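As a plain string of letters, each chain reads:
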Amino acid sequence: MPDRYAVIGHPIAHSQSPLIHSLFAQAAGQDMTYEAIDGGADPDGFERAVAAFRAAGGRGMNVTLPFKLAALAASTQASADARLAGAANALRFLADGRIEAQNFDGVGLVRDITHNLGVPLTGRRVLLLGAGGATRGALLPLARAGAAHIAIANRTAAKAQALAQELAPHLPMGCALHGSGLDALHEQPEFDVVINATSASLSGQAPAVPPSAYAAQALAYDMVYGKGLTPFLRAAQAAGATRVADGVGMLVEQAAEAFAWWRGVRPDTGAVLARLTVPLV
């Protein structure tokens, strides 16, 4: 009997996770199935769906919007990354009834930037646009990767400043962190990596980033994927960013981290990335 895994969200029909994990399982020779589960819009829909999946022998789940906060709350044991992010994107169900929670989004982001794109983060200045859950999940992995300075810029400056103040004590020595409003970016030194962690690209919008924010040879990275050259990436190119990337690599790499956590083997991601990548034109 194959081991069962799933992704849960609402809506979920658009998810690429079943394809990704099926390809991983084939390549790694793992006897498992992977399905998509819609948790619905009911307040207790997530809890009911998780309980039913566990009762049917489910071993683990990926968790996507809007259930990442609920996933952390449902766990009995959570990683430091999940606790600091305030959200979980992967669950593991143990035989003794415990539920372990992880957040691999930031790890997947760093892996994509440093390994797939070949952009080192050691000693670099990194700008994160937005002060929501995506930024929370990215901060600690970026700092661990050696970033010297991380700035959070948000439309509401107070939210960015509060997040920086909350998480600064948890970052490794040598990494500075500060928050500001988007309107203060023109007063700051340029950045080597600029990451759009907002959902603006989903509605055809772009955060207001001044051209002076981009260093020579800067990378502009949009966490949204599959949309081609988003307004943010187009604006970054016009501002002089020499490299642009969307979040498909982050999606695949965080999936590989979850797969390794569940199965004990990390799959190669190259073939899956090649299959899912949409040209940025």
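Residues numbered from 1 in each chain as written. Predicted model: local features only at pLDDT ≥ 70, side-chain atom pairs only at ≥ 80, totals over all residues. Heavy atoms only, no water.

(A) Quick look at the packing of aromatic side chains. Enumeration over the complete set of coordinates arrives at 6 aromatic pairs. Here the aromatic rings of Phe104 and Trp261 are separated by 5.7 Å at their centres, their planes lie at 70 degrees, and the arrangement is edge-to-face. Residue Phe104 is located in the loop between β6 (99–102) and α5 (105–116), and its partner Trp261 is located in helix α9 (residues 248–263); the two are separated by 157 residues in the primary sequence. Taking relative accessible area as the criterion, Phe104 reaches 7% and is therefore assigned buried. By way of ring pairs, the aromatic residues Tyr5, Tyr34 and Trp262 are connected into one cluster. Lying over the aromatic face of Phe191, Arg125 brings its terminal NZ or CZ to 4.5 Å of the ring centre. (Phe/Tyr/Trp six-rings, centres within 6.5 Å; stacked < 30°, edge-to-face > 60°. Helix = DSSP H or I, 4+ residues; strand = E, 2+ residues; numbered from the N terminus. Buried < 20%, exposed > 50% of the residue type's maximum accessible area, 1.4 Å probe, protein only. Lys NZ or Arg CZ within 6 Å of the ring centre and 35° of its normal.)

(B) Up close: unusual backbone geometry. Across the junction of His10 and Pro11, the peptide omega takes the value -5 degrees, indicating a cis bond. You can see Pro11 is positioned in the loop between β1 (3–9) and α1 (17–28). The omega torsion of the bond from Leu65 to Pro66 falls at 5 degrees, within 30 degrees of zero and hence cis.

(C) Here's a closer look at the sheet that holds β6. Strands sit in the order β2-β1-β3-β5-β6-β4 across an open sheet of 6 strands; the sheet is mixed. Where the open sheet ends on each side, the last strands, each with one partner, are β2 (32–38) and β4 (77–78). Here 5 bridges tie β1 to strand β3 (residues 58–63), and the two strands are oriented parallel to one another. Across the sheet, residue Ile8 finds its bridge partner in β3, namely Val63. Of the strands in this sheet, β1, β2 and β3 are in contact with α1, which crosses β2 at around 175 degrees. Lying over the sheet, α9 contacts β1, β2, β3, β5 (90–93) and β6, oriented at roughly 10 degrees with respect to β5. (Pairing = 2+ DSSP bridges. Contact = heavy atoms within 4.5 Å. Axes fitted to C-alpha atoms, helices over the stretch in contact; angles between N-to-C directions.)

(D) Structural view of the sheet that holds strand β9 (residues 176–181). Strand order across the open sheet formed by 6 strands is β9-β8-β7-β10-β11-β12, with parallel pairing between neighbours. Of all the strands in the sheet, the pair left with one neighbour each is β9 and β12 (243–245). This sheet shows a mean twist of 20 degrees between the axes of neighbouring strands, independent of strand direction. Where strand β10 (residues 191–196) meets strand β11 (residues 214–222), 5 bridges bridge the pair, whose relative direction is parallel.

(E) Representation of the side chain of Asn196 in the model. Considering the arrangement of structural elements, one finds Asn196 in strand β10. Assessed through its relative accessible area of 0%, Asn196 is described here as buried. Reaching out from Asn196, the side chain makes a polar contact with the side chain of Ser201 at a distance of 3.5 Å. Those residues in contact with Asn196 that lie beyond four places of it in its chain are Leu129, Ser201, Pro207, Tyr221, Asp222, Met223 and Phe232. (Polar contact = N/O pair within 3.5 Å; in protein donor to acceptor, adjacent residues only side chain to side chain.)

(F) Spatial organisation of the nonpolar core. Residues Leu109, Ile113, Leu142, Ile150 and Ile195 are the most contacted members of the largest nonpolar core, which totals 33 residues. Elements that contribute at least two residues to this core include exactly α5, β7 (125–129), α6 (133–144), β8 (149–154), α7 (157–167), β10 and β11. Top element by residues in this core is α6. It accounts for 5 residues. For Leu142, the contacting residues outside a window of four places in its chain are Leu109, Val110, Leu121, Val126, Leu128, Ala147, Ile150 and Ile195. Judged by nonpolar contacts, the second largest core, of 22 residues, contains Ala255, Ala256, Val272 and Leu273. (Core = buried A, V, L, I, M, F, W, Y, C linked by side-chain atoms within 4.5 Å.)

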